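Next come the chains, spelled out residue by residue.
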Amino acid sequence: MYIKKSTPGAQSAHLSDEIEGSVQGHRDGHGFVIRDDGEGDIYIPPNEMRAVLHKDRVRARIVRQDRRGRPEGRVVEIIERPPQPIIGRLLQESGVWLVAPEDKRYGQDVLIPKGATGAAKPGQVVVVELTEPPALFGQPVGRITEVLGEVDDPGMEIEIAVRKYGVPHEFSAECLAQAKELPDKVRAQDKKRRVDLTDVPLVTIDGEDARDFDDAVYCEPAKVGRGKGWRLLVAIADVSHYVETGSAIDIDAYDRATSVYFPRRVIPMLPEKLSNGLCSLNPEVERLCMVCDMLVTAKGEVHAYQFYPAVMFSHARFTYTEVAAILANTRGPEASKRKDRVGDLLNLHDVYRALLLSRRERGAVDFETTETQIVCDENGRIEKIVPRTRNDAHKLIEEAMLAANVCSADFIAQGGQPGLFRVHEGPTPEKQEILRNYLKAMAVGMTIGDDPKPGDFQAIAEATKDRPDAQQIHTMLLRSMQQAIYTPVNSGHFGLAFDAYTHFTSPIRRYPDLLVHRVIKAILNKTKYALPSLPTPGEAHAKLAKRLAARVAAPGTKPRKDVPPPTRDTQAWEAAGLHCSANERRADEASRDVEAWLKCKYMREHLGEEYSGVVSAATSFGIFVTLDAMYVEGLVHITELGGEYFKFDEARQELRGERTGIRYAIGARVRVQVSRVDLDGRKIDFRLVREGEELLGRALKDKGVGAEGPGSGGSRKAGGRSGGRKSDKGAAPSATEQAGLSRERAARSPIQSLKASVKKAVAGKASKSKARKPRRG
């Protein structure tokens, strides 16, 4: 039966107060206490940081305010020291063994007694367990518990990341034993009380490198109400049939909360027998599924829907590229190989266009951003970095999944049971004000109100899409948004402009989706789903306490009618949602860390080379530039911008030179040289290449003069394309040293003899054009 879709201050602490929070170290030796109450961070000077470690839970007292009114504190007590392993390289200095942490937020090396090194050799990457904590006048002491290997071993960056971020990467023995007992295929008893959809030509559409398929789709024309429309089926793997609440597999899945994706490797949420076998909708085999069966109007509105468990048979495994080619040419070679399915794909494309029309009517935010993909060789080295292109096939599946997710949220809301919603709240008042000031400074002519709607953002994006600074404006719109979270309190999804939204479509790789499936089944069976007694990590509890504390209303504030008072049941769901949200962030951070490491290692091979790029961010200390050819981001420090004072304009989000008026804002095009790569810090430094320098470097090269000039000893090439001889550590002179080198270089006779000809070349239009012609990177 189809169901009709429903219509849509805390006071500052005194200096004597003791405040609890978590320590966040900084690679420069100081640190901060991230307060549990959500107030501003407390600065901890380097001398205080000697007795504490990154991630320690502490009690601190504010002792003074700095010149800018920021609090500086002193650690009074260490409340909890998480049993966190430290990953680093084993070194021997003057007969003393020590481990230099890979994560530089741990500001001290760990001493290793002679008998505690195990089988580790100098230079290897190891895991250390602390045996003695740090003190004000003593370094921490530890013992080596695991040897990961050499720093250049293939995949070492992933081994480091999973331990650095505490990503569970080994299934428990109980989980693996339980997975082994599962059947290899769908049995007769599994099909009971399920709708038989094996004759419906459901198909999967995924990327070329996908290994697990958790969603299948089918569409056919149908009469909806009094008009024409479509019947859209979204079938999702029924993971909940095999993963029982509170089982060994369920405990491991909850602990992971999500699959983690790295280049060339995935750490799955479920054992492979489930993720790539029983729960993967592989072609031409029977699989159990949960179906969202929708009736969609010609205007793209979901008129009615129903959920039911089913058994299906995937009739084809398509790739995005293949489907896009078929939709573009129904008589082409790809279409001729799939004649039986072309009509179904055209129906899917028709319903997609209707859903897209509804999306625009809602005013959902839809910014086009460039995502990149790292292509590695067999040894894990980057071969190239390429943009991910989104075609109509990607968007078709995306809209179908969005529709199913909205129906899931509506079904749970109407069912009256607690569950996890995917909530994306609007911009905070602070971010709203920053955005208004920015739009005004950029003379956009449009702004957002006190209670902004998604359509306001989309209207601004649409109105400015043809401006030269469109990228800058759209980036600022995007940055004003908050991050989405999982919570039982439904506040809607701002970006997608939905009153209620959840995640239903990926239970193989996301635990919240598995919980949503269980709640939907409970509603269908007229029972109530109860969360299992699963272990909840301390991080989730800390985040829960912080979030609940932030919700305390100021005196005199009227309570919100739409938010029910918390109960034990809703607090358990809140904890589960925060745990899943925190682990989603953890997975993102680990993935970004690995990508940054790979990019740094890749760019070490390109030291001294020049590339064109675009400014992706402006800050008070410099500009970040993303290279056109490689999609790699690096910093041009403010000292590299020229011999004048640059002021950061927060309203315009740009750096402006006081003497020349030159501006560096998001979207500005520049040419840079790769000057330094810090593999440990995951940082890449660029220096600006100016027109005269580039011409000078070429002229010197044409004359056969090294860019470092006579008498330099060849210690570093600071010139153009040929510059940047690599040192063992891949380092380069500091900004001050580079400025000095430039002045010294300008005084040398070979350069003086060429100055006139270079100036003449710059002045001539034809020569100038030739000199600025981009060179292949």
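Small disclaimer: the values here were computed from a predicted structure and weren't measured. (Residues numbered from 1 in each chain as written. Predicted model: local features only at pLDDT ≥ 70, side-chain atom pairs only at ≥ 80, totals over all residues. Heavy atoms only, no water.)

**Student:** Even after reading the chapter, I still don't get the packing of helix H12 (residues 454-463) against helix H13 (residues 470-479), so can you show me in this structure?
**Tutor:** Geometry of a packed helix pair, given as the angle between the helix axes and the separation of the axes. It is the contact of H12 with H13, at a shortest axis distance of 9 Å, that shows an interaxial angle of 170°. Our classification of the angle between H12 and H13 gives roughly antiparallel. Contact residues: Phe-457, Ile-460 and Ala-461 in H12; Ile-473, His-474 and Leu-477 in H13. Grouping the constituent residues of the contact of H12 with H13 by class yields five nonpolar, one polar and no charged. (Axes fitted to C-alpha atoms, helices over the stretch in contact; angles between N-to-C directions. Helix = DSSP H or I, 4+ residues; strand = E, 2+ residues; numbered from the N terminus. Parallel < 35°, antiparallel > 145°, perpendicular 65-115°, else oblique. Contact = heavy atoms within 4.5 Å. Nonpolar A, V, L, I, M, F, W, Y, C, P; charged D, E, K, R; others polar.)

**Student:** How should I be thinking about the pairing of strand S5 (residues 57-65) in this particular structure?
**Tutor:** When a strand is regular, its side chains alternate between the sheet's two faces. Across five bridges, strand S2 (residues 18-25) lies against S5 in antiparallel orientation. Each bridged residue has a counterpart across the sheet, and for Gly-21 the counterpart in S5 is Val-58. In the sheet, S5 pairs with strand S6 (residues 71-80) via eight bridges, with the strands oriented antiparallel. Bridge pairing in S6 places Val-58 opposite Ile-78. Hairpin connection of S5 to S6: five residues between the antiparallel strands, including Gly-69 at a positive phi of 80°. (Pairing = 2+ DSSP bridges.)

**Student:** What's the story with helix H10 (residues 392-415) in this structure? I'm lost.
**Tutor:** In an α-helix, one turn spans 3.6 residues; hence positions three or four apart end up facing the same way. The end-to-end C-alpha separation of H10 is 34 Å, in line with the 34 Å expected for 24 residues at 1.5 Å each. Just downstream of H10, Gly-416 is the residue with a positive phi angle, here 75°. (Expected span 1.5 Å × (residues − 1).)

**Student:** Sorry if this is basic, but what is going on with the nonpolar core here?
**Tutor:** Across soluble globular proteins, nonpolar side chains show a tendency to be buried alongside one another. Ile-205, Leu-232 and Met-294 are the most contacted members of the largest nonpolar core, which has 94 residues in total. Counting residues per element, this core draws most heavily on H10, at 11 residues. Dropping the residues within four chain positions of it, Ile-205 is found in contact with Val-217, Phe-318, Thr-319, Tyr-320, Val-323, Leu-345, Leu-396 and Ile-397. Core analysis: the next-biggest nonpolar cluster, separate from the first, contains 43 residues, Val-162, Ile-385, Val-594 and Val-632 among them. (Core = buried A, V, L, I, M, F, W, Y, C linked by side-chain atoms within 4.5 Å. Buried < 20%, exposed > 50% of the residue type's maximum accessible area, 1.4 Å probe, protein only.)

**Student:** Help me out: how do you make sense of H13 in this one?
**Tutor:** Of the residues making up H13, those classed as buried are Ala-470, Gln-472, Ile-473, Thr-475, Met-476 and Leu-477. Considering only its buried residues, H13 is in contact with helix H11 (429-441), H12 and strand S30 (663-665).

**Student:** What should I look at first to understand the sheet that holds strand S32 (residues 683-688) in this one?
**Tutor:** Strands belonging to one sheet form pairs held by backbone hydrogen bonds; the direction of such a pair is parallel or antiparallel. Around the barrel, five strands lie side by side as S25-S26-S27-S32-S31; this closed barrel has mixed pairing. Neighbour to neighbour, the strand axes of the sheet diverge by 50° on average, direction disregarded. Across six bridges, the pairing between strand S25 (residues 610-619) and strand S26 (residues 622-627) is antiparallel. Residue pairing in the sheet places Val-614 in a bridge with Thr-626 of S26.

**Student:** Please clarify how the pattern of salt bridges should be interpreted in this entry.
**Tutor:** Side-chain pairing between opposite charges can occur once the charged atoms of the two side chains come close. Considering all chains together, one arrives at 47 salt bridges under this definition. Taking the shortest distance from any N to any O, the salt bridge between Glu-72 and Arg-64 comes out at 2.8 Å. With a closest N to O distance of 3.7 Å, Glu-398 and Arg-359 form a salt bridge. With Glu-398 in helix H10 and Arg-359 in helix H9 (residues 339-362), the pair connects residues that are 39 residues apart, well separated along the chain. Here Glu-398 falls in the partly exposed class, since its relative accessible area comes to 29%. You can call Arg-359 buried: its relative accessible area is 5%. Connected through shared salt-bridge partners, Glu-18, Glu-20, Asp-36, Arg-57, Arg-59, Arg-61 and Glu-77 make up one network. (Salt bridge = Lys/Arg side-chain N within 4 Å of Asp/Glu carboxyl O.)

**Student:** Can you walk me through the pairing of strand S18 (residues 286-297) in this structure?
**Tutor:** Of all 12 residues in S18, 11 are buried, a share of seventy percent or more. Pairing geometry for strand S15 (residues 227-237) and S18, over nine bridges, is antiparallel. Residue pairing across strands places Leu-232 opposite Met-294, the latter belonging to S18. Of the pairings in the sheet, the one linking S18 to strand S19 (residues 302-313) comprises 11 bridges and is antiparallel in character. Among the inter-strand pairings, Cys-292 is bridged to a residue of S19, identified as Phe-307. Joining the antiparallel neighbours S18 and S19 is a turn of four residues, in which Gly-300 adopts a positive phi near 85°.

**Student:** Looking at this structure, how should I read the sheet that holds strand S29 (residues 654-657)?
**Tutor:** In spatial order, the strands read S28-S29-S30; together these three strands make up an open sheet with antiparallel pairing. Sheet topology places strand S28 (646-649) and S30 at the edges, where each strand pairs with a single neighbour. Neighbour-to-neighbour, the strand axes of this sheet turn through a mean angle of 20°, independent of strand direction. Both S28 and S29 contribute to a ladder of four bridges, which runs antiparallel. Bridge assignment links Lys-647 to a residue of S29, and that residue is Arg-656.

**Student:** Looking at this model, I keep getting lost on the packing of aromatic side chains. Mind explaining?
**Tutor:** We describe a pair of aromatic rings using the distance from one ring centre to the other and the angle between the two ring planes. For the coordinates displayed, the defined rule picks out 11 aromatic pairs. Taking 6.2 Å as the distance between ring centres and 85° as the angle between the ring planes, the aromatic pair formed by Phe-621 and Phe-624 counts as edge-to-face. Taken together, Tyr-305, Phe-307, Phe-411 and Phe-504 form an aromatic cluster joined through their ring pairs. Just above the ring of Phe-318 sits the side chain of Arg-338; from NZ or CZ to the centre is 4.4 Å. The side chain of Arg-422 reaches across the aromatic face of Tyr-486, ending 4.5 Å from its centre. (Phe/Tyr/Trp six-rings, centres within 6.5 Å; stacked < 30°, edge-to-face > 60°. Lys NZ or Arg CZ within 6 Å of the ring centre and 35° of its normal.)

**Student:** What is the right way to read the side chain of Asp-215 from this model?
**Tutor:** Here Asp-215 is to be found in strand S14 (residues 215-224). Within the buried set, Asp-215 has no salt-bridge partner at all; the shortest N-O distance to an opposite charge, 6.8 Å, is to Arg-509. (Lys, Arg positive; Asp, Glu negative; His and termini not counted.)

Function cannot be read off these values alone, since they describe shape.
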